[in-house]
Structures are given as C-alpha cells and as structure tokens.
Amino acid sequence: MNVEMTNLSFVILATLVILAIYTIKGIVMIIPAPALYIAVGALFPTPFAIIITYLGMTAALSVAYILGKKLGEKKINLLINKQERVSSFLRTNQDNLLTLCFLSRVLPLPKELFSLFYGSIGMKYPVYLIVSLLGMTPFMIPNVVAGASIHTPLSPEFLIPFGISLGITIVVFVIYTIHTKKMQGLIAY
C-alpha cells in the first residue's frame, strides 16, 4: 500500500471518528467543546479543521435539537428547572428568542441543554442552527487555530488565540451582566 493511500485512509478515519464524537456530544454533556476544537486543529490543516468542526458542531446541535423535539417541552422544562443558572437565564431573556439563542452559545452555559430546549419549543431549525453556529464561532476558531500550534504551547501562535477567546468571553460577560441588571431594573419598576 502506498503512503498517499495510507494518509488518505487516516484522514478519512480521523474525520469520521471526530464527527462521531461530536454527534455523541449532542446528547452527552460531559465532552468539552474546546478540547474537541483543539484536537481537530492539531490533527488537520486549519482550513480543513474549521470545516470539520462546523460539520461536527452541526451534528451535535442537530442531535440535541431533535432529541428535545422528541422529548417535548414538559420533560425538557423539568431538566431546566434543575439547573438554577439556566432557568434564571431563560426567565431573564425569554422575550427575544434569537438573542437568547445567540447568548446561550456565547456564555459559559450548558449548550446541549439549550439545544434540547430550542427543539422542545419548536424553534425553526434553520434559524436555530445559523444563530447557534454564529454564537459558537468566536470561540471555536481561536481554539482550532491554537490546536494547530499545540506542539509549541508557549508560542504566540498558541497563546494569542486563547487571549482572543478569553477577551471575547470577558466582553460578552460584561455586556450580558449590564443587560441583565437593566432588565431586572425594568422588571422591578
């Protein structure tokens, strides 16, 4: 067997395994997304890694959405009510479903639980998918890029993407905190 065929077989097998892990991630909430992003970035050239990651995120988002749709709103609400941060976040932001969907992807909240929720309430799938992917992109791309430089963890190529991701997290958190305080102020009056 020639080397090119062996490399192609590895790429195909690795791609299928990564996509399977992402699909499982849609229902198993313990697989950390950043670890997957970095792993894919380490295994594949960056442009291909980003494509694979989008495909994987689409699979994970789709599986959880479909499961939420099958389980129904009543069962998903029981799950949500057990998570104080999630139920509080939903109560505070329930007026605008698009903003809620986007913020639930940007903030450090259990993304799979929100996917179940959006499926259970019948949010339009194309809108859900596009808004979810847009919300996840600012964290995904820096982590995939960092994965490409994992062999030199103290290099700027590895550290800068993490700095960008951390900066995005801080900015979104501050904006969300200000927004939440304003909303609570309006509700109090």
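Topic: the overall build of the chain
Counting its secondary structure elements, the chain contains 9 helices and 0 strands. By principal-axis analysis of the C-alpha atoms, the chain measures approximately 70 × 40 × 25 Å. Each of the 189 residues in the chain was classed as buried or not, and the buried ones make up 40%. When contacts within the chain are restricted to residue pairs at least 6 apart in sequence, long-range pairs at least 24 apart make up 68% of them. Both charge centroids of the chain, one from 13 positive and one from 6 negative side chains, sit 11 Å from each other.

Digging into the pattern of salt bridges
As enumerated under the stated definition, the model contains 2 salt bridges in all. Salt-bridge contacts for Lys25 lead to Glu112; the nearest nitrogen and oxygen are separated by 2.3 Å. Here Lys25 is found in helix 1 (residues 3-25), whereas its partner Glu112 is found in helix 7 (residues 111-120), with 87 residues between them in sequence. Taking relative accessible area as the criterion, Lys25 reaches 10% and is therefore assigned buried. The salt bridge involving Arg91 is made with Glu84; its shortest N-O contact spans 3.4 Å. Exposure class is identical for Arg91 and Glu84. Each is exposed.

Brief notes about the layout of surface pockets
In this structure, the largest pocket encloses a volume near 470 Å³. Taken together, 27 residues form the lining of the largest pocket, with Lys25, Ala33, Pro34, Tyr37 and Lys111 sitting closest to its centre. Elements represented by at least two residues in the lining of the largest pocket include exactly helix 1, helix 2 (33-43), helix 3 (46-71), helix 6 (97-106), helix 7, helix 8 (125-148) and helix 9 (156-188). Residues of the lining of the largest pocket, tallied by class, amount to 18 nonpolar, 5 polar and 4 charged.

Some remarks on the packing of aromatic side chains
Each aromatic ring pair is described using two quantities: the centre-to-centre distance and the angle formed by the ring planes. Tallied over the full model, the rule gives 8 aromatic pairs. Between the aromatic rings of Tyr118 and Tyr128, the centroid separation amounts to 5.9 Å while the plane-to-plane angle is 50°, which identifies the pairing as tilted. A residue pair is termed long-range when its members are at least 10 positions apart, and Tyr118 in helix 7 and Tyr128 in helix 8 qualify at 10 residues. This pair shows no difference in class: Tyr118 is buried, exactly as Tyr128 is. Centre to centre, the rings of Tyr125 and Tyr128 are 6.1 Å apart; their planes meet at 45°, and the pair counts as tilted. In this pair, Tyr125 and Tyr128 are both assigned in helix 8, 3 residues apart and thus about one turn of the helix distant.

Focus on a nonpolar patch on the surface
Taken together, the side chains of Leu166, Ile170, Phe173, Val174 and Ile178 make up a nonpolar region of the molecular surface, amounting to roughly 480 Å² of accessible area. You can see Val174 is positioned in helix 9. Under the relative-accessibility criterion, Val174 is labelled partly exposed at 41%.

Observations regarding the confidence of the model for the chain
Looking at the chain, the pLDDT average stands at 86 and 91% of residues meet or exceed 70. Ranking the helices and strands of the chain by mean pLDDT puts helix 3 first, with 96, and helix 9 last, with 73.

Points about helix 8
The end-to-end C-alpha separation of helix 8 is 32 Å, in line with the 34 Å expected for 24 residues at 1.5 Å each. Along helix 8, the sharpest kink reaches roughly 50°, centred on Thr137 and followed within four residues by the proline Pro138.

A few points about the nonpolar core
Soluble, globular proteins show a tendency: their nonpolar side chains are buried together. Judged by nonpolar contacts, the single largest core of 41 residues is most densely connected at Tyr37, Tyr118 and Tyr128. Of all elements in the fold, only helix 1, helix 2, helix 3, helix 4 (73-81), helix 5 (84-93), helix 6, helix 7 and helix 8 reach the threshold of two or more residues within this core. A total of 8 residues in this core trace back to one element, the largest contributor, which is helix 8. Non-local contacts of Tyr128, meaning those with residues more than four positions away in its chain, are made with Leu61, Tyr65, Cys101, Arg105, Ser115, Tyr118 and Met123.

Cut-offs used in this document
- Residues numbered from 1 in each chain as written.
- Predicted model: local features only at pLDDT ≥ 70, side-chain atom pairs only at ≥ 80, totals over all residues.
- Heavy atoms only, no water.
- Helix = DSSP H or I, 4+ residues; strand = E, 2+ residues; numbered from the N terminus.
- Buried < 20%, exposed > 50% of the residue type's maximum accessible area, 1.4 Å probe, protein only.
- Contact = heavy atoms within 4.5 Å.
- Lys, Arg positive; Asp, Glu negative; His and termini not counted.
- Charge placed at Lys NZ, Arg CZ, Asp CG, Glu CD.
- Salt bridge = Lys/Arg side-chain N within 4 Å of Asp/Glu carboxyl O.
- 1 Å grid on protein atoms, 1.4 Å probe; cavity = no way out; pocket = protein on both sides within 12 Å on 5 of 7 lines; lining within 4 Å.
- Points joined across faces, edges and corners; volume = space filled by probe spheres on them.
- Nonpolar A, V, L, I, M, F, W, Y, C, P; charged D, E, K, R; others polar.
- Phe/Tyr/Trp six-rings, centres within 6.5 Å; stacked < 30°, edge-to-face > 60°.
- Patch = residues over 30% accessible without salt bridge, like charges linked within 9 Å, V, L, I, M, F, W, Y side chains within 5 Å.
- Areas by Shrake-Rupley, 256 points an atom, 1.4 Å probe, with all protein chains shown as cover.
- pLDDT = per-residue confidence, 0-100.
- Expected span 1.5 Å × (residues − 1).
- Bend = angle between axes of the 7 residues up to and from the residue.
- Core = buried A, V, L, I, M, F, W, Y, C linked by side-chain atoms within 4.5 Å.

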